[in-house]
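Read off the chains here:
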Amino acid sequence: MSPLRMRGYERREALYRLLLLTLPRAFRHEFAEEILDAFRDGYREHHTRFGYAAARRFARRSALHVFGCAVRLRMPRRPVAFASSPRSSQWLINVWRDGLIGLRAFAQKPGFFVMAAGTIGLGIGAVTTVFSVVDKVLLRPLPYPEPERIVYFENSSHSLPEFHDWRDRTDSFESLVAVRVVDYDWRAVDEPRRLRTALVTSGFFTLFGAGTVLGQPLVGPAVPGAVPVVLSHAMWQLHWGASPDVIGAQMTINGTPTTVTGVMDPRFQVPEIMVGKSIDVWMPLDESDVLYQDRGTHLLEVAGRLEPSVTLEAAPRHKNQSVSNRASHEEGCTCLTSSRKNPTIRWQRFADCRSIFKAGG
Amino acid sequence: MRNPKSFLPLNPREFLVLYVLVDQERYGYGIMRAVDEETDGDVRLDPANLYRILKRLMRDGLVASAGSRATSQTGSERRRFYEITQLGRAVVAEETSRLARLTESAKAKRLMARRGGS
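How each quantity is defined
- Residue numbers run consecutively from 1 along every chain, following the written order of its sequence.
- Each chain takes a letter, starting from A, and each ligand takes a number, starting from 1, following the order in which they are written.
- In view of the model being predicted, local features appear only for residues whose pLDDT reaches at least 70, and side-chain atom pairs are presented and counted only at 80 or more, with totals across whole chains, interfaces and linings using the full set of residues.
- The basis for the side-chain values is all heavy atoms of the structure; hydrogens and waters are excluded.
- Numbering of helices and strands runs from the N terminus, with a helix taken as a DSSP run of H or I at least four residues long and a strand as a DSSP run of E at least two residues long.
- For every residue, the accessible area obtained with a 1.4 Å probe (protein chains only) is divided by the maximum for its type, and the residue is called buried under 20%, exposed over 50%, and partly exposed between those limits.
- Should any heavy atoms of two residues lie within 4.5 Å, those residues are counted as being in contact.
- The accessible surface values rely on the Shrake-Rupley method and a 1.4 Å probe; as for residues, cover is taken only from the protein chains in view.
- Buried area counts how much accessible surface, traced with a 1.4 Å probe, disappears from two parts once they are put together, with both parts' losses summed.
- Each salt bridge in this description consists of a side-chain nitrogen of Lys or Arg and a carboxyl oxygen of Asp or Glu lying within 4 Å of one another.
- In protein, a polar contact requires one atom able to donate a hydrogen and another able to accept it; more generally it is a pair of N or O atoms within 3.5 Å, and residues adjacent in sequence count only if both atoms are side-chain atoms.
- Without a salt bridge and with relative accessible area above 30%, a residue can belong to a patch; like charges are then joined within 9 Å and nonpolar side chains (Val, Leu, Ile, Met, Phe, Trp, Tyr) within 5 Å.
- Lys and Arg are tallied as positive, Asp and Glu as negative. Neither His nor the chain termini are counted.
- Charged groups are reduced to one reference atom each: NZ for lysine, CZ for arginine, CG for aspartic acid, CD for glutamic acid.
- For two strands to pair, DSSP has to find at least two bridges joining them.
- Stacked, tilted and edge-to-face are the three classes assigned to paired rings of Phe, Tyr and Trp, where Trp is represented by its six-membered ring and a pair needs centres within 6.5 Å; plane angles under 30 degrees give stacked, over 60 edge-to-face, the rest tilted.
- Our definition puts a charge over a ring when NZ of Lys or CZ of Arg is within 6 Å of the ring centre and also within 35 degrees of the ring normal.
- Helix span, as expected, comes to 1.5 Å for every residue beyond the first.
- By construction, the arc corresponds to the directions joining the helix axis to the C-beta atoms.

(A) Representation of the overall build of chain B. Regarding its fold elements, chain B presents four helices and three strands. Sequence-ordered secondary structure for chain B, helices as α and strands as β, is α-β-α-α-β-β-α. Scored against the burial criterion, the 118 residues of chain B give a buried share of 43%. Pairs at least 24 residues apart make up 52% of the contacts formed inside chain B by residues separated by at least 6 positions. Entry remark: accessible area of chain B is about 6700 Å², with carbon and sulfur atoms responsible for 46%.

Below, the structure is given as structure tokens:
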């Protein structure tokens, strides 16, 4: 039977020829054609006597052994005697000997070697992954100045009057900020787009140490008629081609004319626990908007920076004294306490809010 | 001629290759098939490792090339044949004696499995 008429032979011979390239050059030049002849004879006989499946097994077995043969041909037949070597080079000899033993084991049982290497690889990969997550979530500090002083107000969202109560009537916080995330329309040049917009109260950028690469961050409260907007770094690159002329550009966002006053520093990592993963633009929260005047309309996420002298553990008492005492006399004031028995509002250290799915850093 | 005992103990596969060449010259796949038959399929050489072994045996002077010719199995295709040398024969004989002594010893220790229930 001609080799060309044997089922699957040409493809297997081509693969086998490729594998023979792993053999040392001198050995290949001397024996490659004979090895191929033996491969062809074996395939032909298996195909003729036992059928295609047997020929295929023969080809597979032969191919698998080529690599082992290549390794053996490159190894000294017996370990070299190193007894007379100086002690200083003993470690090198040990490494060499271990390498030879490893290669020999690989040549003898390639399947086991691959499985062992795969297991070790998987183990290293798993440990690396776990460490990466633990490092990011637990070990690495949040990318904000003095993150241990930043606290986050839990219990869902809060209303603007509540925020005002806490901001104006407590002395535990150096600053308190609120943010609301909304999807606004932007009438772009080509087509309308949705912008994930963070509406922030004054001091938000300062509290989180956010800087800009162009222009200024939002520093003061919103001023009617002159609404500033700060672009995210990605938005600036995507829609303005990272042009510095963006400062002063006009944008009509949700029907309101705005002016670009800054571009966020790409190193600033948004506090995801408050605003989610990505923000396109940052705008000041219009605290005069009638939408926010109702004490029962909870739309804001709140965070604060503790005074340097106030610890997280002492803060509840501090606040109870400063707020609750007044609250008992002033109608409408929101009681602020972190007591577990009376958990009107709970807060915790910002760093402690991190989790795998709400990593702030 | 080098002392045949200096080659002992032989690698089992080298021994088998020499062993199947004792009675006749063989070409590459012929050696593989003969080893397979002699060992009832327990030892199956592959082409690459067969020629690695042949190269070593030729280097040591135990095997020599016996020229190329066509075979009944390959038709018009020519194959290079290999033959065992005088030294190779002596080495196989020494190795066989060594294995025989070992076998006798194993029998005395009742380590040999009974075959065919007899």
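(B) Seen up close, unusual backbone geometry. Residue Pro 9 of chain B follows Leu 8 of chain B across a cis peptide bond; omega there is -10 degrees. With respect to the secondary-structure elements, Pro 9 of chain B resides in the segment before α1 (12-21). With phi around 60 degrees, Ala 242 of chain A is a residue other than glycine that occupies positive phi space. Here Ala 242 of chain A lies in the loop between α8 (233-240) and β6 (250-253). On the accessibility criterion, Ala 242 of chain A (32% relative accessible area) is partly exposed. One non-glycine residue, Asp 40 of chain B, lies in the positive phi region at around 55 degrees. Classification of Asp 40 of chain B as exposed rests on a relative accessible area of 66%.

(C) Inspection of the environment of Pro 244 of chain A at higher detail. All names here are of chain A. Mapping Pro 244 onto the fold places it in the loop between α8 and β6. Linking Pro 244 and Leu 214, residues 30 residues apart in sequence, is a C-alpha distance of 7.3 Å. Non-local contacts of Pro 244, meaning those with residues more than four positions away in its chain, are made with Leu 214 and Trp 236.

(D) Highlighting the interface of chain B and chain A. Contact with chain B, which involves 24 residues of that partner, is made by 26 residues of chain A. Here chain B packs against chain A, burying approximately 2100 Å² in sum over the two surfaces, 54% of which is carbon and sulfur. When residues of chain B are sorted by the area they lose upon contact with chain A, Tyr 29, Tyr 51 and Arg 52 of chain B head the list and together hold 28% of the total. Seen at the junction of chain B and chain A, the total is seven salt bridges. In this structure, the salt-bridge partner of Asp 37 of chain A is Arg 79 of chain B, at a minimum N-O distance of 3.6 Å. Here chain B is connected to chain A by eight residue pairs in polar contact (both at pLDDT 80 or more). Secondary-structure elements contributing two or more residues to the side of chain B that touches chain A are α2 (28-38), α3 (47-59) and β3 (78-84) of chain B.

(E) Spatial organisation of a negative patch on the surface. All names here are of chain B. Negative charge collects at one region of the surface, where Glu 37, Glu 38, Asp 40 and Asp 42 lie side by side. When you line up the elements, Glu 37 lands in helix α2. Among the residues examined, Glu 37 registers a relative accessible area of 52% and is labelled exposed.

(F) Focus on a positive patch on the surface. Together, Arg 7, Arg 56, Arg 57 and Arg 60 of chain A make up a positively charged patch on the protein surface. For Arg 7 of chain A, the position within the fold is in the segment before α1 (9-20).

(G) Up close: the pairing of strand β8 (residues 281-284) of chain A. All names here are of chain A. Going residue by residue along β8, you find Val 281 and Met 283 tucked away on one face and Trp 282 and Pro 284 tucked away on the opposite face as well. Here four bridges tie strand β3 (residues 192-200) to β8, and the two strands are oriented parallel to one another. Across the sheet, residue Thr 197 finds its bridge partner in β8, namely Val 281. One ladder, built from two bridges, connects strand β5 (residues 227-231) with β8; its direction is antiparallel. Looking at β8, one finds that Val 230 is bridged to Trp 282.

(H) A look at the packing of aromatic side chains. A complete count under the given rule lists 19 aromatic pairs over all chains for this structure. Relative to Phe 31 of chain A, the ring of Phe 27 of chain A lies with its centre 5.2 Å away and its plane at 45 degrees, an arrangement referred to as tilted. Remark: Phe 31 of chain A and Phe 27 of chain A occur in helix α2 (residues 25-49); sequence separation between them is four residues, near one turn of the helix. Here Phe 31 of chain A falls in the buried class, since its relative accessible area comes to 0%. Here the aromatic residues Tyr 9, Tyr 16, Phe 39, Tyr 43 and Phe 58 of chain A together with Tyr 29 of chain B are joined through ring pairs into a cluster of three or more. Above the ring of Phe 7 of chain B, the side-chain terminus of Arg 2 of chain B is found at 4.0 Å from the ring centroid.

(I) Quick peek at helix α4 (residues 90-108) of chain A. Residues and elements named next belong to chain A. In a regular helix each residue adds 1.5 Å, so 19 residues correspond to 27 Å; α4 covers 27 Å between its end C-alpha atoms and thus fits that length. Among the residues making up α4, those that are buried are Ile 93, Leu 100, Phe 106 and Ala 107. Across the axial projection of α4, the buried residues extend over an arc of 150 degrees, all falling on one side. Of the residues in α4, the exposed ones pointing more than 90 degrees away from the buried face are Trp 91, Asp 98 and Ile 101.

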